[in-house]
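Here is how the chains run, residue by residue.
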Amino acid sequence: MKLRANRKQLLFLSRETSGNFQKEGTLQVGRQEKRALTDRFCRLRGNLLFIMKKQDGELEEVLLLERCEVLKLPEDDRRLAVSFESGDPPVLLQFSSCSDCESWLAALRDANTDTLRRRITQLYALINKHARLHDAPEETERLEDDGRAGGAAPAAKVSPLHLTVECRGVVAVAARVQVQVCVIDMHTHTLRKHCCTEIAEGPDDSVFRTSVCFRGDYPLDHNSRIKVNVYNAEEPMTHTTRSFLGFTSFSIRDLLRSKEPHISLSLRTMDGVNEVGEVKVSRLQMEGESDDKTPPEHKCPALCDCLHGSVHDRENSPMMRAVLCAQVCKVYRFQTEDQRWLLVREQMSETPLSFSLPKQLLKTLIHQHTSRVQEVKELGDLSPHWDGLRHDVINHCNHLLGCYQETLTELDKLSVSSCFKSSTSKSVRHLQFVPTNLHSQRMEVTCPGSTGVWYDVITFGAPTDHHQAFKHGGLKRLLNKHTNHRDSSISYSQEESSRARELLASVAQLQPLVFGLAEELLSVSLELNTSRLLQVLDSLAQQTEQFVHALKDELVKNALLAIHKQYSAHCNNSSHVHSNGLLCDNSPANQEGRPSLHKAEYDEEEWDRTWANVAKSLNCIFAMVDRIKGREDRPPEMTSSEQQEATGDTNSQNTGGTIISASSSSPSTPSWQEELLPLVVTLRDCVREAVGKARAAMTFVVLQGAVAATIAQGPVQLVQRRHAVFSQALSAVVCGFLLKLYGGLEDSEFLQQLHTAGVLVQFEALLSTYGDEVGMLEDMEVGVADLSRVVFTVTEAKTEQPDDLLPKLHGTWGSLVVEVPLPPETFTLLPQELKDGCLIQIHPVLFNIGINQQQSLAERFGDSSLQERVNQQSCERLKAYCYTLRDRLPEMAGVQSLSDLLSSLDRSVEARKRKNVEVLWIAAMVCRKVNGVRLTSCKSAKDRTAMSVTLEQCVLLRERHALSQQHFSTALDCMRREGCRMENVQKNVGNRRFAFSSVQLLTFPKLYRPPDGSYG
């Protein structure tokens, strides 16, 4: 890359006396593409390499040795190559000897500004070292006594440190300045940029004031030096164009040893000669700080520890470390109405839950569909119609299983290195289940004389399926279409399907036992042993009673009635082609081949008679056994009738002249087996009939339950879309609930609220009702509604390792349970109800107000009825929750004052005013009053979400912490221009500009417009 330069000055520099050059000599020089190298006289001065045809001859070329790399070629140890990042061809340099090559290599590698900065830093370190030795001779003596030859004591680590930097006297050259703070590491002699503050406007007193925070985990000690660079922000429309004004530096030790809480330094130009102003650096000093004799060196860290104890204790707790990661922190100081100072700490964090929960949900769905396939396969041989239904269910489940297993494999790979899905990846197919741009946005406010107060909000892109897009609308519209076209077939719940499977298993187990005991009864009857006969009969009665008890389930009766109704409804329907290609009638007329189930007039009492016949047939067997036993128990004496018969027999014998015994002359008595056989056959027939009907009914229930959970939910793409939307919403809600729970562990009232009334989850959406965002809102509406079937429970963690503290998901779709593990010492402090595993209900509500230019089009030329319906329904649900909370916990702080807020919310919703953002403000106020979880979304949670979150933070500062009204706009612009949300934009799209145009912002509510220079 060629640069423009003043040729006369370059010639002058190249022809000065030899003492001004680091290296000079005759070398062979050439470009890589030119094989032949020519002799040239070269001189190295600073970062310039002059190449001349001969000494003091014509200047041929000048190389600027910046952003280049000097390499020694492996094939020739006397040749070097200078390659440039610009892509220009490398320059080859060949030397007469290896020693010359090594000396030139060292000189060329040091010929750049980075090396110059390192040397300056080393000189600073050397000066400071001599200064410390001069100021603290007793410390030197102590080190020498300890025998640490050539060593030094490790520097004490500084606790969280908060500074105020004031720039004075620069107003003559700048009306807007920007302060950059860097840290000089005295051990590695490197310069590290710490922060670049917001652009400050110069007030009347010509003082620019800003705040700087060093957190406790920042590598800062008493030997570290702070460098302050001040720039002039030239263009009012951008903060990237700036010019250097001056710099100064100081050591942490000097600041802490100062008798005053501040030090004054001169702001000097780059050459260090001219003064352009004054910089005053102050330690943060709150009202009420004691004026004791504690040395300042120890006093400031102790003060910072006191102010930010929560940062060390709560923020660094194992629970927080498990849930939050990749934190970005900004610190501000704002003035209150009573001229005091607020310390505001803004923190934005990623969370591993972005991938953890979607992966757990996918595993749950995979297990659920695998089990369902196995269940329907175990039903055995079925009629053609039912077998076609089973094939449809299996095909539906297998399609989802293939997609979900592939997605889970991809997420396992990605989650190893990342826990964040950027807005540019929202349409990636294998990231469907991962929430877009999910972050926790937290603000800690420290007032004078009080501990910090935290305010949390979860920000993420609207839970929607960008991969499938919105050509046919979102979930709400697609589900309505599917419901209208779906057959009104009977469906059964998961519990009913489970009962049906249990009943099928019981029948399959009891029927062989009853039949076996019946056969055994017949066998024992041949032994003519009444006691043994009674013993077998008792066992048969026991098993038969269990069998009858199982059949008396109302589910069987209802299923048989449903089969008949379905037959009657579909008897005239056209044929249906199943996924296996089978063409069959929609009616279940041939199901199980039981014509008795499909009579024109079905008797609802028929099933009761069926199982009653089993009991009656058993009673007949009992009666017969009693008769047999009675006969055996009679005395051997003959009765009078028997005597008469015997006399008659004797007469006949005398007449006939034939003698036979009395027993042989009576009619032949049937054996026990002959008497019991027809009764046992009847019992088996009744059992067989009952089993057939029960099996048909329960197979119907299991199949219909499988159909209701698979095919009836819609096409595979619709089911997958619903699962993906739910996964995104669930991840955000779990993150918000965890932060709310961790922050309220010491609040007994909040813990009681959890197990008494559940927790409110309030979604704030900024989607328009025009174009694709209508589909996003329809997706979000269904996803939020599905969350109402999720419950939380608190468990005791095994260890404090991060993996053991992450929430666990189990259950099935429609009845999911999220287990939240807590460390053992924390778990023991919970109320007994929560320790016993009480389920915590969540009550989700969604409020949406479009604020962009597309919403203006919808309100003027389109339709915003979707937004009105969503807000109206959520308002009713919110009021229901608040009334329940008021009834169950009437003593809860602030609950009795909710009526006014709810009335205001009701009026705002009913007003239907254009871009009525008051709906969002009031809903957020109600949510915070009832300890709810706040979530804010727009399309990607990047631009509109940033405007909403920063506005909410500043409103909280004004309403709850008396932020001065005159500083409200300044604080709002500051947070938007330099706060965490700008870092979020940088993380997502790679630049620090909100994606708004000036024309678009004209349609935005005024409080949702970013400051100049922060968009474009």
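Caption draft 1: The sheet that holds strand β17 (residues 325-335), seen in detail. The strand order across the open sheet built from 10 strands is β17-β18-β19-β20-β28-β23-β27-β24-β26-β25, with neighbouring strands paired in mixed fashion. In this open sheet, the two strands that pair with only one neighbour each are β17 and β25 (808-812). Between one strand axis and the next, the sheet turns by 25 degrees as a mean value, whatever way the strands run. As paired elements, strand β23 (residues 759-765) and strand β28 (residues 933-937) share 5 bridges and run parallel to each other. Along β28, the bridge assignment pairs F763 with L935. Here helix α30 (residues 968-978) sits on the sheet in contact with β17, β18 (341-350) and β19 (439-446), set at roughly 155 degrees to β17. Against the sheet, helix α31 (residues 980-989) touches β17, β18, β19 and β20 (453-459), its axis set at about 25 degrees to β18.

Caption draft 2: Inspection of the nonpolar core at higher detail. Ranked by size, the top nonpolar core spans 77 residues in total, and within it L741, F763, F792, L822 and L935 carry the most contacts. Here this core gets 15 residues from one element, more than from any other, and that element is helix α19 (residues 716-743). In this structure L935 touches V457, I458, F460, A732, V733, V761, Q762, F763 and E764, once residues within four positions along its chain are discounted. By size, the runner-up hydrophobic cluster in this structure holds 64 residues, among which are V393, L504, I563 and V680.

Caption draft 3: Focus on the confidence of the model for the chain. Scored by pLDDT, the chain has a mean of 79; 79% of the residues are at 70 or more. A low-confidence stretch, residues 285-313 (pLDDT under 50), is modelled with 54 contacts involving residues beyond four sequence positions or located in other chains.

Caption draft 4: Just unusual backbone geometry, in detail. Residues other than glycine seldom take positive phi values, yet A326 does so here, at roughly 50 degrees. By the secondary structure assignment, A326 is in strand β17. You can call A326 partly exposed: its relative accessible area is 43%. In this structure, K915 is a non-glycine residue whose phi angle is positive, near 45 degrees. Tracing the chain through its elements places K915 in the loop between α27 (898-911) and α28 (918-929). According to the relative accessible area criterion, K915 is buried, its value standing at 13%.

Caption draft 5: Molecular detail of the sheet that holds strand β7 (residues 91-94). The sheet built from 7 strands is open, its strands ordered β4-β3-β2-β1-β7-β6-β5 with antiparallel pairing. The open sheet has two edge strands with one neighbour each: β4 (59-64) and β5 (68-72). Strand-to-strand twist in this sheet, taken as the mean axis angle between neighbours without regard to direction, amounts to 30 degrees. With 5 bridges connecting them, strand β2 (residues 38-45) and strand β3 (residues 48-52) associate as antiparallel partners. Bridge pairing in β3 places L44 opposite L49.

Caption draft 6: A look at the pattern of salt bridges. With the rule as written, the count across this model stands at 31 salt bridges. Across the pair D338 and R340 runs a salt bridge, and its minimum N-O distance is 4.0 Å. Residue classification places D338 among the partly exposed residues on the basis of a relative accessible area of 47%. A relative accessible area of 30% places R340 in the partly exposed class. When the shortest N-O distance is used, the salt bridge between R934 and E952 registers 2.7 Å.

Reading the values: the criteria
Residues numbered from 1 in each chain as written. Predicted model: local features only at pLDDT ≥ 70, side-chain atom pairs only at ≥ 80, totals over all residues. Heavy atoms only, no water. Pairing = 2+ DSSP bridges. Helix = DSSP H or I, 4+ residues; strand = E, 2+ residues; numbered from the N terminus. Axes fitted to C-alpha atoms, helices over the stretch in contact; angles between N-to-C directions. Contact = heavy atoms within 4.5 Å. Core = buried A, V, L, I, M, F, W, Y, C linked by side-chain atoms within 4.5 Å. Buried < 20%, exposed > 50% of the residue type's maximum accessible area, 1.4 Å probe, protein only. pLDDT = per-residue confidence, 0-100. Salt bridge = Lys/Arg side-chain N within 4 Å of Asp/Glu carboxyl O.

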